[in-house]
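Secondary and tertiary structure notes
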Amino acid sequence: MLRVIDSHTEGEPTRVVLEGGLDLGNGPLSERRAIFARDHDRFRRSVILEPRGHEALVGALFCEPQDKSCAAGVIFFNNEGYLGMCGHGTIGLAVTLAHLGRIAPGRHRIETPVGIVTVDLASANEAEIENVPSYRHADSVTVDVAGHGLVTGDVAWGGNWFFLCKSTPCPIDEHHLADLTAHASAIQKALREQHITGALGQEIDHIEIFGAPLAGGDSRSFVLCPGGAFDRSPCGTGTSAKLACLAADGVLSPGQRWIQESVTGGRFTASYRRDSHGQIIPSIRGRAFVVKDANLLFHPDDPYTDGFRTV
């Protein structure tokens, strides 16, 4: 039996595993994530996949932090595998911890496998995260996409690797989800086949397509996540990658606000600062709401205990 709390951040769901989880030791979160992936992938599948979960759900395994200045440690995972950082999930985790009375409004540090981030809990349902340093790795990379022709975009890091398209095949709205998913999936496949990667050969596993805003923001995005599901929120790490590209192009100044809309209408308010090394440190502000406090049950005779994929 596992105790979980579900929330959504601007529409994108997060499932925090609080009790009954895994013993991954007390090493760095990057090492614990590797142990999770190597030895306990059945746990990931049973928590995230149907019939207990669904394709859009992102898991957050609550861990004791190695750095005792942190309020929590967390390892994020989804229907495909394991994430480095998750912006919407960190906001969801903060709101969940506030719901439990474990943190109060104010500034807190959260340990992730790719570094420590901070979260400023403004209220019970609103928080702002300061993400890991983000940067553009490659500008105007062109990939030949089967059935779609040449597509140009930037490769950037925002806690995960992104290909940020410079054009869209259709409007970014709920009426074109199938077209957007097909387009982004084809780009993802082409990047793999043409060996276009992030730094040190790391896979670009998120595709981001941009279009005109519909709700008064600066941009509207569609983000395809690893595993084939699209992000219902504007994507915190994707927005961080976008800020890095805007800063590199000289069109967004430090402290200048950027409102990123999602394909479903969620909004993140974002900005960045430069640290003492000149690195871009993004800040992402959004809302999250707890929707479920439950126990997941596992029956020994259940043929679907390990879950199943539908995408």
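A brief structural summary. Being a predicted model, the structure only gives us computed values, none of them experimental.

1. Observations concerning the packing of aromatic side chains
One pass over the full model with this rule turns up seven aromatic pairs. An angle of 55° between the planes, with centres 5.3 Å apart, marks the rings of tryptophan 157 and tryptophan 161 as tilted. Each member of the pair tryptophan 157 and tryptophan 161 is classed as buried. Aromatic side chains tyrosine 304 and phenylalanine 308 sit 5.3 Å apart centroid to centroid with 65° between the ring planes, which places their arrangement in the edge-to-face category. The partly exposed category is assigned to phenylalanine 308, whose relative accessible area is 31%. Connected via pairs of aromatic rings, a cluster forms that spans Phe36, Phe43, Phe77 and Tyr82. Lying over the aromatic face of phenylalanine 62, arginine 102 brings its terminal NZ or CZ to 5.5 Å of the ring centre. Above the plane of the ring of phenylalanine 210 lies lysine 242, whose end atom (NZ or CZ) is 4.1 Å from the centre.

2. Structural notes on the layout of surface pockets
The volume enclosed by the largest pocket comes to roughly 180 Å³. Leu22, Asp23, Phe62, Cys63 and Glu64 are the residues nearest the centre of the largest pocket, which is lined by 15 residues in total. Breaking the lining of the largest pocket down by element, the ones donating at least two residues are β2 (12-19) and β3 (58-63). Residues belonging to the lining of the largest pocket are distributed by class as follows: seven nonpolar, four polar and four charged.

3. Examining the pairing of strand β5 (residues 106-112)
Bridge analysis of strand β4 (residues 72-77) against β5 gives two bridges, and the strand direction is parallel. Bridge pairing in β5 places alanine 72 opposite isoleucine 110. What joins β4 to β5 is helix α3 (residues 87-99), and the crossover it makes is right-handed. In terms of strand pairing, β5 meets strand β6 (residues 115-123) through seven bridges, oriented antiparallel. Each bridged residue has a counterpart across the sheet, and for arginine 107 the counterpart in β6 is aspartate 120. Taking the residues between adjacent antiparallel strands as the criterion, β5 and β6 are bridged by two residues.

4. Here we look at the side chain of arginine 32
Along the chain, arginine 32 turns up in helix α1 (residues 29-39). Despite its burial, arginine 32 pairs with no opposite charge, the nearest such side chain being glutamate 111 at 5.0 Å. When near neighbours in sequence (up to four residues on either side) are disregarded, arginine 32 contacts Leu24, Gly25, Asn26, Gly27, Cys63, Glu64, Pro65, Gln66 and Ile75.

Conventions adopted
- Residues numbered from 1 in each chain as written.
- Predicted model: local features only at pLDDT ≥ 70, side-chain atom pairs only at ≥ 80, totals over all residues.
- Heavy atoms only, no water.
- Phe/Tyr/Trp six-rings, centres within 6.5 Å; stacked < 30°, edge-to-face > 60°.
- Buried < 20%, exposed > 50% of the residue type's maximum accessible area, 1.4 Å probe, protein only.
- Lys NZ or Arg CZ within 6 Å of the ring centre and 35° of its normal.
- 1 Å grid on protein atoms, 1.4 Å probe; cavity = no way out; pocket = protein on both sides within 12 Å on 5 of 7 lines; lining within 4 Å.
- Points joined across faces, edges and corners; volume = space filled by probe spheres on them.
- Helix = DSSP H or I, 4+ residues; strand = E, 2+ residues; numbered from the N terminus.
- Nonpolar A, V, L, I, M, F, W, Y, C, P; charged D, E, K, R; others polar.
- Pairing = 2+ DSSP bridges.
- Right-handed = clockwise from strand over helix to strand, strands pointing away.
- Lys, Arg positive; Asp, Glu negative; His and termini not counted.
- Salt bridge = Lys/Arg side-chain N within 4 Å of Asp/Glu carboxyl O.
- Contact = heavy atoms within 4.5 Å.

Honestly, it's all geometry; don't read function into it.
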